[in-house]
Amino acid sequence: MTDPVSGIALGLVIAGLALSTFVTRTSFLIAGSRLRLGHRVEVALRYAPVCTLAAIIVPDVLLHPPGTEIDLSLFNPRLIGALAAGLWLCWSRNIVGCLASGITAFTLARLYL
Amino acid sequence: MVKGGLTVTWAMLMSLLVYAGSAQLAALPLIVAGAPLWVIVATGLITNLRFVIYSAALRPHFADRSLARRAALGYFMTDFTFALFMRSAQDGSLPQRHPDSWFAGVCSTNWITWQLSAFAGIIGASYVPTDWGLEFTGTLALVALVGPSLNARPAVVGAVLASLVALLAHPLPFRLGLFCGAIAGIVGATLTDAWQKPAPPSALERT
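Residues numbered from 1 in each chain as written. Chains lettered and ligands numbered in written order. Predicted model: local features only at pLDDT ≥ 70, side-chain atom pairs only at ≥ 80, totals over all residues.

So what exactly am I meant to see when it comes to the overall build of chain A here?
Scanning chain A for helices and strands turns up 4 helices and 0 strands. In summary, chain A has a C-alpha radius of gyration of 19 Å against a globular reference of 13 Å for 113 residues, an excess of more than 25%. Along the longest, intermediate and shortest principal axes, the C-alpha atoms of chain A span 60 × 40 × 25 Å. A total of 113 residues make up chain A; the buried ones form 43% of that total. Sequence-distant contacts in chain A: of pairs separated by 6 or more residues, those separated by 24 or more amount to 30%. (Helix = DSSP H or I, 4+ residues; strand = E, 2+ residues; numbered from the N terminus. Rg over C-alpha atoms; globule rule 2.2 N^0.38 Å. Buried ≥ 20, exposed ≤ 12 C-beta atoms within 10 Å, placed from the backbone. Contact = placed C-beta atoms within 7 Å.)

Hey, could you run me through the overall build of chain B in this one?
Secondary structure assignment for chain B yields 11 helices and 0 strands. Ordered by position from N to C terminus, the α and β elements of chain B give α-α-α-α-α-α-α-α-α-α-α. Overall, the C-alpha framework of chain B stretches about 55 × 45 × 25 Å when taken along its three principal axes. By residue count, 43% of the 207 residues in chain B fall in the buried class.

What is the right way to read unusual backbone geometry from this model?
Note: most peptide bonds trans; most residues except glycine with negative phi. All names here are of chain B. Backbone geometry places Y19, a non-glycine residue, at a positive phi of 45°. With respect to the helices, strands and loops of the structure, Y19 is situated in the loop between α1 (8–18) and α2 (21–32). A tally of 22 C-beta atoms within 10 Å means that Y19 is categorised as buried.

Before we go on, may I ask you to explain the interface of chain A and chain B in this structure?
Counting from both sides, the interface comprises 64 residues of chain A and, opposite them, 78 residues of chain B. Breaking the side of chain A that touches chain B down by element, the ones donating at least two residues are α1 (7–31), α2 (39–62), α3 (77–91) and α4 (95–112) of chain A. With 23 residues, α2(A) is the single largest residue contributor to the side of chain A that touches chain B. Taken together, the residues of the side of chain A that touches chain B sort by class into 42 nonpolar, 13 polar and 9 charged. (Nonpolar A, V, L, I, M, F, W, Y, C, P; charged D, E, K, R; others polar.)

Help me understand the domain arrangement of chain B in this model?
When the parts of a complex come together, some accessible area is lost, and that lost area is often taken as the interface size. Here chain B is described as being made up of domain 1 (1–131) and domain 2 (150–207). For domain 1 of chain B and domain 2 of chain B, the distance between their C-alpha centroids amounts to 23 Å. (Domains from an automatic or database assignment.)

What exactly am I supposed to notice about the environment of A84(A) here?
Residues and elements named next belong to chain A. Within the secondary structure, A84 is located in helix α3. In this structure, the C-alpha to C-alpha distance between A84 and A54, residues 30 residues apart in sequence, is 17 Å. Discounting chain neighbours no more than four positions away, the residues touching A84 are S101, G102 and A105.

How should I be thinking about the domain arrangement of chain A in this particular structure?
Looking at chain A, the domain boundaries give domain 1 (1–35) and domain 2 (37–112). When each unit is reduced to the centre of its C-alpha atoms, the spacing between domain 1 of chain A and domain 2 of chain A is 25 Å.

Teacher, can you tell me more about the environment of F75(A) here?
All names here are of chain A. Assignment of secondary structure puts F75 in the loop between α2 and α3. Given 11 C-beta atoms within a 10 Å radius, F75 is considered exposed. Along the backbone, F75 and H64 are 11 residues apart, and their C-alpha atoms lie at a distance of 9.4 Å.

Sorry, what's going on with helix α8 (residues 136–146) of chain B here?
The α-helix advances 3.6 residues per turn, and as a result positions three or four apart in sequence lie on the same side. Counting buried residues in α8(B) gives 11 out of 11 residues, a clear majority hidden from the surface. Burial in α8(B) covers these residues: F136(B), T137(B), G138(B), T139(B), L140(B), A141(B), L142(B), V143(B), A144(B), L145(B) and V146(B). Structurally, α8(B) contributes buried residues whose contacts are with α2, α3 and α4 of chain A together with α2 and α9 (153–168) of chain B.

Just checking my understanding: could you explain the nonpolar core for this structure?
Inside soluble globular proteins, nonpolar side chains tend to come together where they are buried. Judged by nonpolar contacts, the single largest core of 87 residues is most densely connected at C51(A), A54(A) and A162(B). The element contributing the most residues to this core is α2(A), with 13 residues. Discounting chain neighbours no more than four positions away, the residues touching C51(A) are G158(B), A159(B), A162(B), A182(B), G185(B), I186(B) and A189(B). (Core = buried A, V, L, I, M, F, W, Y, C linked by C-beta atoms within 7 Å.)

Before we go on, may I ask you to explain the environment of G185(B) in this structure?
Summarising the element assignment, G185(B) is placed in helix α10 (residues 176–196). Distance in space between the C-alpha atoms of G185(B) and L161(B) is 5.0 Å, their sequence separation being 24 residues. The contacts of G185(B), once residues within four sequence positions are left out, are C51(A), A54(A), A55(A), G158(B), A159(B), L161(B) and A162(B).

How do you make sense of the confidence of the model for chain B when you look at a structure like this?
Predicted coordinates in regions of low pLDDT should not be interpreted in detail. Across chain B, pLDDT averages 84, with 91% of residues at or above 70. Listed scores for the predicted complex are pTM 0.73 and ipTM 0.79. (pLDDT = per-residue confidence, 0-100.)

Explanation requested: α2(A) in the structure shown.
In a regular helix each residue adds 1.5 Å, so 24 residues correspond to 34 Å; α2(A) covers 35 Å between its end C-alpha atoms and thus fits that length. Of all the bends found along α2(A), the most pronounced is centred on A48(A) and spans about 40°, while P49(A), a proline, follows it within four residues. (Expected span 1.5 Å × (residues − 1). Bend = angle between axes of the 7 residues up to and from the residue.)

Structure (structure tokens):
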């Protein structure tokens, strides 16, 4: 990949994302009864976030070094961190604890494995 | 966000204008990797799609208000304030005559709290060395965000499909693997949902 987005490009990214927030949140409130939502579409919209986020998380965690090859071994610190965070989340719904355990496991694995 | 390669000013501007935690977190790894503009914006858009359903559910409550007021109420809504509004509408604790003022109050309080916390995080993070790998916290936050939604079979099927396809398709350019994964997941989840319960009542009718 190329350099991180910056400057004008970053401004455009922020403007585009802000627009996406505005358009989705105000869609039906602005368009009123001119819009109709079919049942299938509604179901698809409901599951869109979960699927998109999974498609971001899993490659980010399993490709090690980032963006290269799938590394399912325990020498992958991101996998260790994500497993710790996931297990914590199953055990309790506490988000702070989930982040803390994930970061701790990731850091320990990165430093000592 | 600052650890994702954004300066403090840009990160604050993003929080103020975009004001969508999950879309911002989803966009962050893409910004860092230098993904093309349209890919980042499209990813944010898909993550925000759930708000289309929320706005449809809110519409009947604010139908008689002005266009500007409806637009403002929609833009400042979040997962949390929407859920709170719908619950209050159901248990009858919502003021009959001015539900929009009630919602505006909840949303502005939520906005101020969110922005203050975000600014504290943005400034705080600029004191942490980069080699601590703190940008991984963004991915972990997504894990915390997705975890509780995996409570129904269609969501689990969708997430697994999306992950597998995104993983296998990751060598594709422009992060197209992400889109292939997301679309495969959405199709899988929708089919599972249809197979599970043939004709369920609409979520809009229920809320």
